[in-house]
Structure formats: C-alpha cells, structure tokens
Amino acid sequence: MAGVNFYALEAPQGVAADREGNIYVADSTRHRIAIFKPGKKKLDIIGNKEGDERVSVPIGLTIAHSWNMLLVASIGTKKVVGYDLATGRSMLVISGFTNPVGVAVDEVKGRIYVSDSKESILKVFDQTGGYKGTISEKGGKDEQVFNPGQIALDRQGNIYVADMFNFKVKV
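Our subject in this report is the structure included herewith. Quantities reported herein were computed from a predicted structural model and do not represent experimental measurements. (Residues numbered from 1 in each chain as written. Predicted model: local features only at pLDDT ≥ 70, side-chain atom pairs only at ≥ 80, totals over all residues. Heavy atoms only, no water.)

## As for unusual backbone geometry
Part 1: With phi around 55°, Asn-68 is a residue other than glycine that occupies positive phi space.
Part 2: Residue position: Asn-68 is located in the loop between strand E5 (58–64) and strand E6 (69–74).
Part 3: Look at Ser-120: it is not a glycine, yet its phi comes out positive at around 50°.
Part 4: Here Ser-120 is to be found in the loop between strand E10 (111–116) and strand E11 (121–126). (Helix = DSSP H or I, 4+ residues; strand = E, 2+ residues; numbered from the N terminus.)

Okay, structure coming up:
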C-alpha cells in the first residue's frame, strides 16, 4: 500500500478486506467508507454518493464475497446497508435497529447477523434483509449478552461476540 495516505481518515472504526486486496475502513466521523486499493494513490469512497443509501457513523463492516457485497452497520442511520463491491452502489437496506455496531455474514446459510448494543441483542436476517429472529437476550448469563459489540463467524458457523459489559468474548 505504498503511496496511500492512511492519514486521510478521521475516526476509523471497522476494517474489512476483499479477495483483491482492497481495504475498506469505516470512517465514522466523516460518515463514509474509505477504500484503499493496491497500487492506487486515489482514495475511493462508499456511503456518501447522491442517490445511494448513505451511512452516518459507520462502525462495523463485513464482506460477503459470494454475494459481492460490503455490509455496513451505521449507527447514525440505525441501519445496515449493503453495497455492491463492483459498483459501490447500495443494494440492500435493513432497518429497525437502535444502535447497530457489528455485522457478520454466514454465506453458506444465507444469514446476516447484526449486534445492536443498546438493545443488547443479536438479530438474524436472510440474504435479502428479511428478519429471521434473535439469537440472544440481554443479561449476564452464558447465553446472554450485555452491550454486544463487534461480531465474527468462523468456518464452522460459530458466532463470536465481543460482549462489552460482561467483559467476555462469547461463542
């Protein structure tokens, strides 16, 4: 990434990388997703184009490679927005959150997982954004979460949650 100005970011939060080596960074203060591309000195942007679904205070990012989609948890808009990796245009919008901070994808099952820190809950959606239910409740027990943050999935489909107020990472 020689020649790329990483100081062009104001408040970087989430980070994701695609298979081509592009790095996506949630720049929460500037309300955009910055894209650093190998060999390019120009910074590309997603999330603030006219006519697209915009992001405001983006935090969590993940890439669904087989869907060719970048998913962004946007606290300011209380939405998760999916952007086409090829065009940068919005192609999916999921609403109904209080404070979405983490987003993860199980491409095999066609599921999108979103952590909502204020509701202290993990919500599940299908690939089209259809609501499928929840997989947690608020609390301090092993099966509960309290202010969940970032989330990730492993190859076996286990979900890892940064459970901020229980001071643990839960599976």
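That covers the picture; the talk isn't over yet.
## Considerations on the sheet that holds strand E14 (residues 159–163)
Strands in a sheet are paired, the pairing made by backbone hydrogen bonds, and the direction either parallel or antiparallel.
Part 1: Read from one edge to the other, the open sheet built from three strands follows the order E13-E14-E15, with strand pairing classed as antiparallel. Two strands bound the open sheet, and with one partner strand each, they are strand E13 (148–153) and strand E15 (168–170). Each strand of the sheet is rotated relative to its neighbour by a mean of 20°, with strand direction disregarded.
Part 2: As paired elements, E13 and E14 share four bridges and run antiparallel to each other. By the bridge assignment for E14, Leu-153 is matched with Ile-159. (Pairing = 2+ DSSP bridges. Axes fitted to C-alpha atoms, helices over the stretch in contact; angles between N-to-C directions.)

## Remarks on the pairing of E6
Part 1: Burial of E6 is extensive: six of the six residues sit out of reach of the surface.
Part 2: Where burial is concerned, the two faces of E6 agree: the one with Met-69, Leu-71 and Ala-73 and the one with Leu-70, Val-72 and Ser-74 are both buried.
Part 3: The hairpin formed by E5 and E6 contains four residues between the paired strands, and Asn-68 there has a positive phi angle of roughly 55°.
Part 4: As paired strands, E6 and strand E7 (residues 79–84) are joined by six bridges and run antiparallel to one another. Of the residues in E7, the one forming a bridge with Val-72 is Val-81.
Part 5: In textbook terms, the turn of a hairpin is the stretch between consecutive antiparallel strands, and for E6 and E7 this stretch comprises four residues, one of which, Lys-78, has a positive phi near 60°. (Buried < 20%, exposed > 50% of the residue type's maximum accessible area, 1.4 Å probe, protein only.)

## Points about the side chain of Ser-115
Part 1: Here Ser-115 lies in strand E10.
Part 2: Residue contacts for Ser-115: discarding those within four places in its chain leaves Asn-99, Pro-100, Val-101, Gly-102, Ile-121, Leu-122, Pro-148, Gly-149 and Ile-151. (Contact = heavy atoms within 4.5 Å.)

## Considerations on the sheet that holds strand E8 (residues 90–94)
Part 1: One open sheet accounts for four strands, arranged E5-E6-E7-E8; its pairing is antiparallel. Two strands in the sheet have a free side with no partner beyond their single neighbour: E5 and E8. Taken pair by pair, the neighbouring strands of this sheet meet at an average axis angle of 20°, ignoring direction.
Part 2: By the bridge criterion, four bridges tie E7 to E8 in an arrangement that is antiparallel. Note on E8: the bridge partner recorded for Tyr-83 is Ser-90.

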